[in-house]
Amino acid sequence: MWALRSWSGTVERFFGAMVSCLPCAEVFLQNFGRRSAQPPMMIKALFEALADGKERIGALELSRFLSGLQGELHADEEYAARLISQFHSEWDSQERYQHYNPHQIGVHDHNQTGKTGKTSGNANYSDLSTTLDIIEFLDFLLLPDLNTATIVSEKPTQDMSLPLSHYFIYCSHNSYLTGNQLTSKCSTAPIMKALHEGCRVIELDCWERRGKIMVLHGNTLTQAVPFEECIKIIKENAFVASEYPVILTIENHLSGDLQKKAIKIMKEIFGKSLFLPRPEERSPRLFSSPEELKRKILISDTPPTDSLEEQAAAYPETVVDVIPELMTSPPDPNDSPPLSPSDIRSRTRQELTKHIGEAADVWIKMNHNYHTNTDIKNTVELDEVIYISCKKPSDMKDGQLVPGERSIMVNVSEPQLRKFSKENPDLLVQYCKSNLGRMYPFGLRFDSSNADPFLAWSHGFQLAAMNMQGCDRPCWIARAMFEANGRCGYLKKPDVFLPTSGLTLEQISAMPAKIQLKITVLMGTDWHKLFDWFKKPDFYVKLAIDGIPADLDKKKTKTVYKDFEPNWENQTFEFLIRGFSA
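These remarks concern the structure in this document. Model, not experiment: these values are computed from the prediction. Along each chain, numbering runs from 1 in the same order as the chain's sequence is written. A pLDDT threshold of at least 70 governs which residues receive local features in this predicted model, and a stricter bar of 80 or more applies before side-chain atom pairs are shown or counted, although totals over entire chains, interfaces and linings include all residues. Calculation of side-chain values draws on the structure's entire complement of heavy atoms; hydrogens and water are dropped beforehand.

### Here's the deal with the packing of helix H1 (residues 41-51) against helix H7 (residues 134-142)
Move 1: Lines are fitted to the C-alpha atoms to define the axes, a helix being fitted only along its stretch in contact, and any angle between axes, read from their N-to-C directions, falls within 0 to 180 degrees. The way it works is that DSSP assigns letters per residue, a run of H or I at least four long becomes a helix, a run of E at least two long becomes a strand, and they are numbered from the N terminus. Following both chains from N to C, one finds H1 and H7 inclined at 115°, their axes separated by 10 Å at the closest point. Pair H1 / H7 crosses with right-handed handedness. From H1, Ile-43, Lys-44, Leu-46, Phe-47 and Leu-50 reach across to H7, where they touch Ile-134, Phe-137, Leu-138 and Leu-141.
Move 2: By residue class, the composition of the contact of H1 with H7 is eight nonpolar, no polar and one charged. Should the near helix be turned anticlockwise from the far one by less than a right angle, the crossing is left-handed, and should it be turned clockwise, the crossing is right-handed. Here, two residues are considered to be in contact whenever any of their heavy atoms come within 4.5 Å of each other. Each residue is assigned to one of three groups, with Ala, Val, Leu, Ile, Met, Phe, Trp, Tyr, Cys and Pro labelled nonpolar, Asp, Glu, Lys and Arg labelled charged, and all others, Gly among them, labelled polar.

Here it is as structure tokens:
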């Protein structure tokens, strides 16, 4: 675990964060668990200030630390007492103490007990279970369950009375897939998982299979799941994580009769949760607010995506950009042991051949199976339940995103958005001030990887559709992004992206920084035991800011060689943030 210190303005945060390390070989190190390093001087000074000459701190001192220094205003003495109790109950004191060498850190051994059950120090067992010494305080800071890296409100903290177009919305892509885009199983489990994680947009691709409505990724070998089962799981889990509206996007490949059947199923299962727009709201002049649409399920139609051949032919430069991302990422030059250039090229060729082979196999098999019918039209019954009408850029005049009198959603592929962002980025921002914009991953991402969601968000697009099963860096960024605002799945866009702003992206990027973030990585400890037998490991920490291009920044600590408990408290890193603070 890492002990880090970060602060913004006057509020300081000390927290533990889990990191992963690449093992070289498995080894069992004698006395590995005994911690021998001194606690960071910053922790020592902090503890001494709290303890005021005593060897242990109680709930009063801990609450003062949590509320006064860490900004946890709700942390009263009762709350701090519960944390201390939970700390002692979850981490056995006797076992925990064996991780330290008390003689090297100069603390009194309170855990040595005699036959009477009394400690050799100045407190009985009851005192120990309701207080913390300096070592226990350090352990407390390193436990993410007790001392989280960020303070997350249980309720939304932002104004939720603005139109839907004023918010970023947590969005999943092909929500029913359990794995890759070609051969994986379709299931209701990923839909439930996405809703429990706070996703507010669920996508279902609806096809006819033997007279039944099924959900699957069209023209692939994915194994279908019944449409009705998906609707039931959405109804049961829609408002578990958030009361704010769920948007169900339906990619329609159904005949007229099956469309009517699908509407009947949704009306019966969703009941009063299904939002039925009035005729003048199809499409609305201005979207209603999340507050007005609480506990409602909104229907949107997603136009069929272009075929992979059409995407690749139209945007060959994106193929060049995306293919390296699909490969196993080459190691950092500082990593050890590095691969040789020939090894990297060989591995890349193998991975690329594998992906192309899988895709080719699927296309060959599907040539004699089902195909997309691009001539399918929505029935009147389907149109009557659609609140968020969706179009592709090709459906608009001259293929340009020009706002109309009605608010709709534009469905843009990753390569299309890259192209628009280079040609006229301000047009994207302007369009999404009153309309919704949705970016979906490029068709070549067979492995269910994702585009950087900031490609969408930094141009005002509200929805960056994520393959939630991808578990890649873009997924982590999206999860972190929507931790804010009570994890409700909606985040108010920065003022610079709202109709009241007339700033261009160039002007936004030139704005002075409004947040100064400073981070000190104090130490690393509690490693796994998978290290080379013949030498101690070398450690460093990387820190990065994701956001609009003007805010992107990466920094790295010095490398600490051959030390199981590296310390970097003499290094402080500063990041300046401007775009999303306006």
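### Description of the pairing of strand E11 (residues 409-413)
Move 1: Taking burial as the measure, the five residues of E11 include five buried ones, the bulk of the element.
Move 2: To sort residues, take the accessible area from a 1.4 Å probe on protein chains only and compare it with the maximum for the residue type: under 20% means buried, over 50% means exposed, and anything in between is partly exposed. A two-sided burial pattern is seen for E11, the buried positions comprising Met-409, Asn-411 and Ser-413 on one face and Val-410 and Val-412 on the other.
Move 3: Here E11 pairs with strand E12 (residues 436-440) via five bridges, running parallel. Its bridge partner being in E12, Asn-411 is matched across the sheet by Arg-438. Here, any two strands with at least 2 DSSP bridges between them count as paired.

### Description of the packing of helix H8 (residues 189-196) against helix H9 (residues 227-237)
Move 1: The geometry of H8 relative to H9 is characterised by a closest axis approach of 9 Å and an angle of 20° between their N-to-C directions. It follows that H8 is roughly parallel to H9 by the angle criterion. When you trace H8 past H9, the crossing you get is right-handed. Touching Ile-191, Met-192, Leu-195 and His-196 of H8 are Cys-230, Ile-233, Ile-234 and Asn-237, all from H9. Relative orientations are named as follows: roughly parallel for angles under 35 degrees, roughly antiparallel for angles over 145 degrees, roughly perpendicular for angles from 65 to 115 degrees, and oblique for any other angle.

### What to know about the pairing of strand E5 (residues 212-215)
Move 1: Summarising the sheet, strand E4 (residues 201-209) and E5 pair through four bridges and their orientation is antiparallel. Looking at the pairing, Glu-208 lines up with Ile-213 of E5.
Move 2: Remark: two residues form the turn of the hairpin made by E4 and E5, two consecutive strands paired antiparallel; Arg-210 in that turn has positive phi of roughly 55°.
Move 3: Pairing geometry for E5 and strand E6 (residues 225-226), over two bridges, is antiparallel. By the bridge assignment, Val-215 is partnered in E6 with Val-225.

### Examining the pattern of salt bridges
Two side chains bearing opposite charge may form a pair once their charged atoms approach each other closely.
Move 1: Basic side-chain nitrogens of Lys or Arg form a salt bridge, by our definition, when they fall within 4 Å of a carboxyl oxygen of Asp or Glu. Summed over all chains, the structure comprises 20 salt bridges.
Move 2: As a salt-bridge pair, Lys-54 and Glu-61 come within 3.1 Å of each other at their nearest N and O atoms.
Move 3: According to the relative accessible area criterion, Lys-54 is partly exposed, its value standing at 47%.
Move 4: Notably, a salt bridge pairs Glu-414 with Arg-418, separated by 2.9 Å at the nearest N-O pair. Highlighted residues: Glu-414 and Arg-418, both in helix H15 (residues 414-423), separated by four residues, approximately one helical turn. Neither Glu-414 nor Arg-418 differs from the other in exposure class; each is buried.
Move 5: Through salt bridges that share partners, Glu-243, Glu-291, Lys-294 and Arg-295 make up one connected network.

### Things to note about helix H18 (residues 473-481)
Move 1: Of the residues making up H18, those classed as buried are Pro-474, Cys-475, Ile-477, Ala-478 and Met-481. Around the axis of H18, the buried residues are gathered within 160° of arc, so they sit on the same side. What points out from H18, more than 90 degrees from its buried face, is the exposed set Trp-476 and Ala-480.
Move 2: Elements that come into contact with the buried residues of H18 comprise strand E3 (167-169), helix H17 (454-457) and strand E14 (490-492). The directions from the helix axis to the C-beta atoms form the arc being described.

### Topic: the environment of Thr-525
Move 1: On the secondary structure map, Thr-525 appears in the loop between strand E15 (515-524) and strand E16 (542-545).
Move 2: Of the residues examined, Thr-525 reaches a relative accessible area of 1% and is grouped as buried.
Move 3: Between the alpha carbons of Thr-525 and Pro-566 there is a distance of 7.5 Å; along the sequence they are 41 residues apart.

### Observations concerning the environment of Ile-169
Move 1: If you trace the backbone, Ile-169 turns up in strand E3.
Move 2: Once the C-alpha coordinates of Ile-169 and Gly-489 are considered, the two residues, 320 residues apart in sequence, prove to be 5.8 Å apart.
Move 3: Discounting chain neighbours no more than four positions away, the residues touching Ile-169 are Leu-164, Arg-200, Val-201, Ile-247, Leu-436, Gln-462, Leu-463, Phe-482, Gly-489 and Tyr-490.

### Considerations on the packing of aromatic side chains
Move 1: Classification of ring pairs uses Phe, Tyr and Trp, with its six-membered ring standing for Trp, and accepts pairs whose centres are within 6.5 Å; under 30 degrees between planes counts as stacked, over 60 as edge-to-face, and the remaining range as tilted. All told, the structure shown has 10 aromatic pairs when counted by the stated rule.
Move 2: When the centroid spacing of 4.7 Å and the interplanar angle of 5° are considered together, the rings of Tyr-170 and Phe-482 count as stacked. With Tyr-170 in the loop between E3 and H8 and Phe-482 in the loop between H18 and E14, this pair connects stretches of sequence that are 312 residues apart.
Move 3: Here Phe-482 falls in the buried class, since its relative accessible area comes to 4%.
Move 4: When the ring of Trp-457 is compared with that of Phe-482, the centres are 5.9 Å apart and the planes differ by 75°; the resulting orientation is edge-to-face. Of this pair, Trp-457 sits in helix H17 while Phe-482 sits in the loop between H18 and E14; the two residues are 25 residues apart in sequence, bridging distant segments of the chain.
Move 5: Taking relative accessible area as the criterion, Trp-457 reaches 1% and is therefore assigned buried.

### Focus on helix H2 (residues 59-69)
Move 1: Among the residues of H2, Ala-59, Glu-61, Leu-62, Ser-63, Phe-65 and Leu-66 are the ones counted as buried.
Move 2: Positive phi shows up at Gly-71, right after H2, with a value of about 80°.

### With respect to the side chain of Ser-242
Move 1: The topology assignment puts Ser-242 in the loop between H9 and strand E7 (246-252).
Move 2: Separated by 2.8 Å, the side chain of Ser-242 and the backbone oxygen of Cys-488 make a polar contact. Polar contact is the term for a pair of N or O atoms within 3.5 Å; when the atoms are in protein, one must be able to donate a hydrogen and the other to accept it, and sequence-neighboring residues count only if both atoms are side-chain atoms.

### Regarding the sheet that holds E6
Move 1: Read across the open sheet, the six strands follow the order E6-E5-E4-E7-E8-E9; overall the sheet is mixed. Looking at which strands have only one partner, the edges of the open sheet turn out to be E6 and strand E9 (386-388).
Move 2: As defined by bridge partners, E7 adjoins strand E8 (residues 297-301) across five bridges and the pair is classed as parallel. Residue pairing for E8: Leu-248 is matched across the bridge by Ile-299.

### Section: unusual backbone geometry
Move 1: With an omega of 0°, the peptide bond between Arg-282 and Ser-283 qualifies as cis.
Move 2: Along the chain, Ser-283 turns up in the loop between helix H10 (256-270) and E8.
Move 3: Unusually for a residue other than glycine, Arg-210 sits at a positive phi of about 55°.
Move 4: Locating Arg-210 in the fold gives a position in the loop between E4 and E5.
Move 5: Judged by relative accessible area, Arg-210 falls into the exposed class, the value being 75%.

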